[in-house]
Amino acid sequence: MLEAGGAAAAALLGLLGLLVGSFLNVVIHRLPKMMEQRWAAECAELQETQGQTSATEVPQKARFNLMTPRSRCPHCGHQIRWFENIPVFSYLALMGKCSQCKAPISLRYPAIELATAALFAWCGWHWGSTWEALAWCGFSAAVLALAAIDWDTTLLPDDITLPLLWAGLCAAGLRLTDTLLPDALWGAVAGYLSLWLIYWAFKLLTGKEGMGYGDFKLFAVFGAWFGWQALIPVILMASAIGAVIGIAIKLKGQLREGGYVPFGPFLALAGLSSMIFGPSAILAAIGL
C-alpha cells in the first residue's frame, strides 16, 4: 500500500486529474463516433453476407480511435500543438479561442479537466496516498465520462460501464472499498434488475421506453461499488435531480426532439455524491 499523504496526496492526484480530464475530453468526443463506425461496419458486413452489397462497395474510412488522428480545430482543421493542449492553462492562454481561426473553444473542455482534478484531489484528501484513492479516482473519471457522453448522445457505452462494473466487484473483493463482496454482487444484480423491471412495466403500460439499457448497467455499477444498501438513496437522488432539471429545461423550451432527457447524467451525479457524502447523507438531505 502507498503511504498516507493527506494534502500532498490531494495535490498530486489533483494534478493527475487535470491530465486525466484532458484525456476524458478525447474519450467523450471520440468514443461515440468510434461506436457509430463500428455499427456501420457491422451493418456493411451483414449486408455483404446477405448478398446485398460487395466488399468493394463498402467505403473505407481513415483510421479513427482515441489516439489517431491528432486533435484538430473542428472549424479550420488546425492541428493542436502540444503547448496548446496543456489542461486549463492553454485554454486561458488562448483566451478560449483557436490560435488560427479564433473560433471559440467550448468551455466544456476546461470544465471537464477541472471537475476531474477536483474529484481526484478529494480522493487524495479523503483516502491519502493509497490504492483505495486510486480505485475511486478511476471510478470518478469513468462516471464523469459516462455522464458527459450520455448528455451529448443519450448513449452509455458498454466499453465503460461493463469494465467499471467488474472493477467495482474486484475492488470489493480486494477490500479497496467499504463494500463487502456479497453486498457488491447483490448490489449489481439488484441495480440492474430493478430498473429493468421498471422499464418493462412502463413500456407495457404506456407503449413507450422510459429509459435505456445503459441506465440499468450504470445503476448496477453503483450497486457493485456501494452495495445494495445504497441503491435506494442513489435512485431517489437521481430522480429528484432529474425532475428539477427536466422541469427547468422544459420551462425554457429547450427539450430535445421527442421531449427526451437522458437519465444517466443524474444517476452519475447521484453516484458521485454517494462517493463524497455517503448514501446515508443523501437520505438525510432529502428528509428520509
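For clarity, every value in this text was computed on a predicted model and none was experimentally measured.

(A) Just the overall build of the protein, in detail. A tally of regular secondary structure across the protein gives 10 helices and zero strands. Each helix (α) and strand (β) of the protein, taken in turn from the N terminus, gives the series α-α-α-α-α-α-α-α-α-α. On C-alpha atoms alone, the protein measures out to a radius of gyration of 21 Å, which is about the 19 Å that the 2.2 N^0.38 rule sets for 288 residues. Expressed as lengths along the three principal axes of its C-alpha atoms, the size of the protein is roughly 55 × 55 × 45 Å. Here the protein holds 288 residues, and 41% of them are scored as buried. The long-range share in the protein, meaning contacts at least 24 apart out of those at least 6 apart in sequence, stands at 72%. Of the roughly 16100 Å² that the protein leaves accessible, carbon and sulfur atoms contribute 67%.

(B) Inspection of the packing of helix 3 (residues 108-127) against helix 9 (residues 264-277) at higher detail. In the contact formed by helix 3 and helix 9, the axes pass within 11 Å of each other and the chain directions differ by 25°. Of the possible angle classes, the one that applies to helix 3 and helix 9 is roughly parallel. For the pair helix 3 and helix 9, the crossing hand works out as left-handed. Of the residues in helix 9, those touching helix 3 at Leu 119, Trp 122, Cys 123 and Trp 127 are Leu 272, Met 275 and Ile 276. Here the contact of helix 3 with helix 9 is composed, by residue class, of seven nonpolar, no polar and no charged.

(C) Broad picture of the side chain of Asp 183. Mapped onto the secondary structure, Asp 183 falls in helix 6 (residues 181-206). For the buried Asp 183, which has no salt bridge, the nearest side chain bearing the opposite charge is Arg 175, at an N-O separation of 9.3 Å. For Asp 183, the side chain forms a polar contact with the side chain of Gln 229, separated by 3.4 Å. Beyond its immediate stretch of four places on either side in the chain, Asp 183 contacts Gly 223, Gly 227, Trp 228 and Gln 229.

(D) Representation of the layout of surface pockets. Within this model, the largest pocket holds a volume of roughly 850 Å³. Of all the secondary-structure elements, those providing two or more residues to the lining of the largest pocket are helix 1 (7-49), helix 2 (89-93) and helix 3. Counting residues per element, the lining of the largest pocket draws most heavily on helix 1, which supplies seven residues. Its residues placed into classes, the lining of the largest pocket shows 18 nonpolar, 10 polar and seven charged.

(E) Structural context of the pattern of salt bridges. Scanning all chains against the criterion turns up five salt bridges. Of the charged contacts, one joins Arg 38 and Asp 159 as a salt bridge, the two residues approaching to 3.5 Å between their closest N and O atoms. On the criterion of sequence distance, the pair formed by Arg 38 in helix 1 and Asp 159 in helix 5 (residues 158-173) is long-range, its members being 121 residues apart. A salt bridge links Arg 81 to Glu 84; the shortest N-O distance between them is 2.6 Å. Among the residues examined, Arg 81 registers a relative accessible area of 34% and is labelled partly exposed. A residue is classified by how much of its surface remains accessible, and Glu 84, at 11% relative accessible area, is buried.

Procedures and definitions
Residues numbered from 1 in each chain as written. Predicted model: local features only at pLDDT ≥ 70, side-chain atom pairs only at ≥ 80, totals over all residues. Heavy atoms only, no water. Helix = DSSP H or I, 4+ residues; strand = E, 2+ residues; numbered from the N terminus. Rg over C-alpha atoms; globule rule 2.2 N^0.38 Å. Buried < 20%, exposed > 50% of the residue type's maximum accessible area, 1.4 Å probe, protein only. Contact = heavy atoms within 4.5 Å. Areas by Shrake-Rupley, 256 points an atom, 1.4 Å probe, with all protein chains shown as cover. Axes fitted to C-alpha atoms, helices over the stretch in contact; angles between N-to-C directions. Parallel < 35°, antiparallel > 145°, perpendicular 65-115°, else oblique. Left-handed = near helix turned anticlockwise from the far one by under 90°. Nonpolar A, V, L, I, M, F, W, Y, C, P; charged D, E, K, R; others polar. Lys, Arg positive; Asp, Glu negative; His and termini not counted. Salt bridge = Lys/Arg side-chain N within 4 Å of Asp/Glu carboxyl O. Polar contact = N/O pair within 3.5 Å; in protein donor to acceptor, adjacent residues only side chain to side chain. 1 Å grid on protein atoms, 1.4 Å probe; cavity = no way out; pocket = protein on both sides within 12 Å on 5 of 7 lines; lining within 4 Å. Points joined across faces, edges and corners; volume = space filled by probe spheres on them.

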